[in-house]
Every structure is written in structure tokens, then in C-alpha cells.
Amino acid sequence: PVYNFVSRSLFFVHLDDYLRWRFKLNYEVGPFVRAGNALLELYLHVGGRPAVVTSYVGMRNGVVWNKEFGIYLETFAHGDPNVWEGMYALTADIRTVPRFSEFESRDPQLTLHSNYVIDRPGGCEICVSGYVHFSPYTDPLDMKRLMTINLSCLTRFHPCRIQQEIMPDAWTQFLSEKEQVDKMWGQRTCSESSTQMLGRDSENLIVGGIAAYNEKPEGNEWRGLAGVTLIKKLKGAGNWKDGDIHELEMFRPPDLTIGVGSKFIFNFDDPTEFDKIPGEVVARCSPLPLNEDNLKLVLQGIAEDYSAGEIKSKRQWHW
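Quick caveat: nothing in here was measured; it's all calculated off a predicted structure.

Engineer: Give a description of the sheet that holds strand S3 (residues 86-96) that names residues and reports values.
Structural biologist: The strands making up a sheet associate through hydrogen bonds between their backbones, and the pairing can be parallel or antiparallel. Taken together, five strands build an open sheet; the order of strands is S1-S2-S3-S5-S4 and the sheet is mixed. Where the open sheet ends on each side, the last strands, each with one partner, are strand S1 (51-60) and strand S4 (116-119). On average, each strand axis in the sheet is tilted by 5° relative to the strand beside it, whichever way the strands run. As judged from the 10 bridges shared by strand S2 (residues 63-77) and S3, these two strands associate in the antiparallel manner. In the strand pairing of S3, Glu74 is matched with Ala89.

In C-alpha cells:
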């Protein structure tokens, strides 16, 4: 019934298009579209819930490796300052990702739980949305809890309007952590889990030696320009060759010493700009001093990145 109703609404749109063309009419929204919108609003108010539900299970070497569950639901609200007035889309998207995006990998949530991120997309217009992205290494109990969707939103007379109603467990946790997470943004956290995550989520990683270094203060950190000699490629790193010296820009936190001859693990987010390290990677522990423990954790992270050999354009999208 939902799809039949939506099909009829699309029929009104096509009928308007035909009449505009046939009689050379000049208007932005035709009478049939307005009628279709009015009927849709009436349908929602009497309990109709147009929705799309998607689910996906992926296998890797005979093992369930990734899951996805999502809902797109048409709903409405009036007099609620926290959500859209009138009709809007309420969505929940919960899925496995091979690696976190550049923005997500800097999220302080990962200091609290290194294998999943709960958030809302930016730029969502006329919609209220929430998502959970988790790695395949998430604890099964956490995964089961985070994938809880309130399916009564599809049938209940009083509509679901906010994320906490449609994805209750995940969004309750998001709200409970929000104040703590907001205070942690921009802090440099180099725990074992974040160091391992650096290996998993970075596009390019090398071991490099400092051949030359100059810096000047910038805020609470030091902006440096280093000549870095490639010692070893760990992951990606494009057309760099052993012994090449490249000039790299970086930020040094006060607790890190950089001098000629010292060795570090460097990461690059953009494979087309190997001679630039964005300042944002400060929160991702780069440059990371080269030692046995750090190298071991980074290599463990690289081993977890099962998407490393894939073409970037074919990787899973992140909101």
C-alpha cells in the first residue's frame, strides 16, 4: 500500500509535466502536484507511513563480514522546535564500514570505543537523520545493540519524529556521551587503540627519517617544515622511492621532539598531495615516533584494513 500511494503521487507529478508541455503552461508547481502533496499530508495524518527499508549482509571467506540496515520514513511534526515543521524524512542508517572516513577517524568517540561512531550527517535538509558506522571488529554484543531499530515507527499512529525514537539504543548512547565528546575535540590522543586505528584508516603510511627541520610557534603547537627521507613504505605512499627526500609540513605538539636523524611513522590522507600533511592529523598521532610498540600497533591496524587493495572510488561511502 505504501508503494502504491507513492506511485500515485508520482503520477500527479508526471501529469503536471505533461500538461505544462502540452499547453505551454508556465508555473513552478502545478495543481496536480499540490493535490498530491495535500493527499500525502492527509495520508500521514490518518496513520499512513510511506517508508523504504533496506538491509544487506556481506560475506568474506565464508564469514559474515559486513551488515547494513536502514530506514527512510516520511513523517511530520508541528510545534516542535527541535525538528522540522510539517512533513520531513526521518532516517536511520546503520552499517559496517571497512575504515572510518578522515573526519570520523578524528572523532573523540573513538577514544571511548574504537570500533564504532554514532553521529548525524551534516547538510541534511528537510530531514532528521542518524547513523552508526562500525568496523567488522566490533564486539558482537555492541553490534547487536547498535543495530536495534524501532520498527513500530512504520505502523504506529503517533509518528516517530526524532533519532531517539527510531534508533533508541544508539541515540541514547550518543546523547549520553555528547558533552564529554564535545570537550575532547582537537585533543591529541595516542592510545594503543588510536595508534592501531591510524594503521587501519590511513590511506598512506611510511617510515621516514628527518633530514632537515625548521619550525615556528603557532598557537599551542609548533608548525614545522621537514625534509623527510623515505625509509620504508608501510601502506600506499604513491610514487615515493627509497631514499627520496620530500618537504613535509606538519604540526608538532609540545610533548614531541623532532630533530635531524629522528625517525617517525607518517600518514597521508590525500594520495595526490604527498608533500603536505594537514594540521588536522595532529589528533591522529602523526607524526608517530618510530619504536617497536608503535610499529607493531600500526602494522596490526594495516592488517585489519581489508579494503586497502580496493580502488578508492569503489569503497563504501561515508556520510
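Engineer: So what's going on with the state of the cysteines? Which residues, and what values?
Structural biologist: On inspection of all chains with the given rule, the structure shows one disulfide. Put simply, Cys153 and Cys160 are joined by a disulfide, and their sulfur atoms are 2.0 Å apart. Residues Cys153 and Cys160 are joined by a disulfide whose S-S torsion is about -85°; by sign, that bridge is left-handed. You'll find Cys153 and Cys160 in the same group, each marked buried.

Engineer: So what's going on with the pairing of strand S5 (residues 127-134)? Residues and values would help.
Structural biologist: Most of S5 is tucked away, with eight of its eight residues classed as buried. Taking every second residue as pointing to the same face, both faces of S5 are buried, with Cys127, Ser129, Tyr131 and His133 on one and Val128, Gly130, Val132 and Phe134 on the other. Bridge count between S3 and S5: eight bridges; the pairing is parallel. What sits directly across from Thr96, in S5, is Phe134. Bridging between S4 and S5 involves four bridges; their strand directions are antiparallel. In the sheet register, Ile118 faces S5, and the bridge partner there is Val132.

Engineer: Just give me the short version of helix H6 (residues 168-184), but keep the residues and values in it.
Structural biologist: With 17 residues, H6 ought to run about 24 Å at 1.5 Å a step, and its terminal C-alpha atoms sit 24 Å apart, in line with that. Taken residue by residue, H6 has Ala170, Trp171, Gln173, Phe174, Glu177, Val181 and Met184 as its buried positions. Residues of H6 that are buried sit in contact with helix H3 (109-112), S4, S5, helix H4 (140-146) and helix H5 (163-166).

Engineer: Go over the packing of aromatic side chains with me, naming the residues and quoting the values.
Structural biologist: As enumerated under the stated definition, the model contains three aromatic pairs in all. Each ring, one from Trp65 and one from Tyr137, has its centre 5.8 Å from the other, and the planes form 90°; the classification is edge-to-face. One end of the pair, Trp65, is in strand S2; the other, Tyr137, is in the loop between S5 and H4, and 72 residues separate them in sequence.

Engineer: Describe the pattern of salt bridges, naming the residues involved and giving the relevant values.
Structural biologist: Following the criterion strictly, the structure yields eight salt bridges and no others. Its salt-bridge partner being Arg200, residue Glu304 comes within 3.6 Å of it at the nearest N-O pair. Taken as a pair, Glu304 in helix H8 (residues 292-304) and Arg200 in helix H7 (residues 192-201) lie far apart in primary sequence, 104 residues in all. By relative accessible area, Glu304 is classed as buried at 16%. Asp305 is the salt-bridge partner of Lys235, the closest N and O atoms lying 2.7 Å from each other. Here the residue Lys235 occupies a position in strand S7 (residues 221-235), and Asp305 occupies one in the segment after H8, the gap between them amounting to 70 residues. Grouping residues by exposure puts Lys235 and Asp305 together as buried.

Engineer: Report on the nonpolar core, specifying residues and quantitative values.
Structural biologist: Residues Leu73, Ile94, Ile118, Val132, Phe134, Ile166 and Met167 are the most contacted members of the largest nonpolar core, which totals 24 residues. Among the elements of the structure, S2, S3, S4, S5, H4 and H6 are those that each provide at least two residues to this core. Considering every element that reaches this core, the biggest residue donor is S3, with four residues. With sequence-adjacent residues up to four places away left out, Ile118 is seen in contact with Gln109, Tyr131, Val132, Leu146, Ala170, Trp171, Gln173 and Phe174. Residues Ile206, Tyr213, Leu248 and Met250 belong to the second largest nonpolar core, which totals 14 residues.

Engineer: Which residues make up a nonpolar patch on the surface, and what values do they have?
Structural biologist: Taken together, the side chains of Val57, Met59 and Val64 present a nonpolar region at the surface, about 280 Å² in accessible area. Along the chain, the position of Val57 falls in strand S1.

Engineer: Provide a residue-level description of the environment of Tyr72, including the pertinent values.
Structural biologist: Looking at the secondary structure, you find Tyr72 in strand S2. Once the C-alpha coordinates of Tyr72 and Ser129 are considered, the two residues, 57 residues apart in sequence, prove to be 9.1 Å apart. Here Tyr72 is in contact with Pro50, Ala51, Val52, Ala89, Leu90 and Thr91, once residues within four sequence places are set aside. Side-chain polar atoms of Tyr72 contact the side chain of Glu74, separated by 3.2 Å.

Engineer: Which residues make up the environment of Thr195, and what values do they have?
Structural biologist: Its location among the elements puts Thr195 in helix H7. Take Thr195: its relative accessible area is 2%, and that puts it in the buried class. The spacing of Thr195 and Gln300 is 105 residues in sequence and 9.6 Å in space, taken between C-alpha atoms. If near-sequence neighbours (up to four positions away) are discounted, Thr195 is found in contact with Cys190, Leu288, Asn294, Leu297 and Val298.

Basis of the calculations
- Residues numbered from 1 in each chain as written.
- Predicted model: local features only at pLDDT ≥ 70, side-chain atom pairs only at ≥ 80, totals over all residues.
- Heavy atoms only, no water.
- Pairing = 2+ DSSP bridges.
- Helix = DSSP H or I, 4+ residues; strand = E, 2+ residues; numbered from the N terminus.
- Axes fitted to C-alpha atoms, helices over the stretch in contact; angles between N-to-C directions.
- Disulfide = S-S within 2.5 Å.
- Buried < 20%, exposed > 50% of the residue type's maximum accessible area, 1.4 Å probe, protein only.
- Expected span 1.5 Å × (residues − 1).
- Contact = heavy atoms within 4.5 Å.
- Phe/Tyr/Trp six-rings, centres within 6.5 Å; stacked < 30°, edge-to-face > 60°.
- Salt bridge = Lys/Arg side-chain N within 4 Å of Asp/Glu carboxyl O.
- Core = buried A, V, L, I, M, F, W, Y, C linked by side-chain atoms within 4.5 Å.
- Patch = residues over 30% accessible without salt bridge, like charges linked within 9 Å, V, L, I, M, F, W, Y side chains within 5 Å.
- Areas by Shrake-Rupley, 256 points an atom, 1.4 Å probe, with all protein chains shown as cover.
- Polar contact = N/O pair within 3.5 Å; in protein donor to acceptor, adjacent residues only side chain to side chain.

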